[in-house]
Amino acid sequence: QKEVEQNSGPLSVPEGAIASLNCTYSDRGSQSFFWYRQYSGKSPELIMSIYSNGDKEDGRFTAQLNKASQYVSLLIRDSQPSDSATYLCAVKRDNAGNMLTFGGGTRLMVKP
Amino acid sequence: DTGVSQNPRHKITKRGQNVTFRCDPISEHNRLYWYRQTLGQGPEFLTYFQNEAQLEKSRLLSDRFSAERPKGSFSTLEIQRTEQGDSAMYLCASSFGALEQYFGPGTRLTVT
């Protein structure tokens, strides 16, 4: 079992719809959770961080964390073609050298 | 505030040669990280520094890989006797303490 699992996709949504991206993790000691966006050929760009159970909203993005279920998700409202990218979920144990453990990413395609 | 920079952006080398990559972190960030990313995968942690101290290096892929951060500012990652399997994107990230990590543009290595 991978430490951080994501559906590789592609997840295809129409422009203006809500895109829902999911991530599960196996290490119950994980304490910090991040979503990065990566365009093809580029490096990861941090879009959200979440540290406690519940929802965290930033503009069109909402991160949701459920530590009991070991599940973190990212919702993108009013999806735009420019949101088409790979979304990487990363988790961190705060006593493990600050190392981020990444999932393999979900490719999102937003169709005009 | 300038972002993380990495040089070179692309490197093509022949098998058996040594290569060195440089990373300049965001100013005032005291932690610096190296990751490797292969096609279709999430980044994989290699090593990290807090100021000039290398606090985690057990994840370096082999003894052919080494990293330095001599004055607590920029860092170098060296790969000796390169192999074709070393072809990947090498990513550097930095953070202030245990806060969010921000990635540079990466160095794409191709070993022929």
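So, a few notes on the structure that sits alongside this text. (Residues numbered from 1 in each chain as written. Chains lettered and ligands numbered in written order. Predicted model: local features only at pLDDT ≥ 70, side-chain atom pairs only at ≥ 80, totals over all residues. Heavy atoms only, no water.)

## Observations regarding the sheet that holds strand β3 (residues 19–24) of chain B
Residues and elements named next belong to chain B.
So, step 1. Read across the sheet, 4 strands follow the order β1-β3-β8-β7 without closing on themselves; strand pairing throughout is antiparallel. The open sheet is flanked by β1 (5–7) and β7 (65–68), the only strands paired with a single partner. Between one strand axis and the next, the sheet turns by 15 degrees as a mean value, whatever way the strands run.
So, step 2. Direction of pairing for β7 relative to strand β8 (residues 75–79): antiparallel, over a ladder of 4 bridges. Within β8, the residue paired with Phe65 across the bridge is Ile79. (Pairing = 2+ DSSP bridges. Helix = DSSP H or I, 4+ residues; strand = E, 2+ residues; numbered from the N terminus. Axes fitted to C-alpha atoms, helices over the stretch in contact; angles between N-to-C directions.)

## Focus on the state of the cysteines
So, step 1. According to the stated counting rule, one finds 2 disulfides over all chains in the structure shown.
So, step 2. Here Cys23 of chain A is linked by a disulfide to Cys89 of chain A, with a sulfur-sulfur distance of 2.1 Å. Classification of the bridge connecting Cys23 of chain A and Cys89 of chain A rests on its S-S torsion, roughly -70 degrees, and on that basis the disulfide is left-handed. Linking Cys23 of chain A in strand β3 (residues 19–25) with Cys89 of chain A in strand β9 (residues 85–92), this pair joins segments that are 66 residues apart in sequence.
So, step 3. The partner cysteine of Cys23 of chain B in its disulfide is Cys92 of chain B, sulfur to sulfur 1.8 Å. (Disulfide = S-S within 2.5 Å.)

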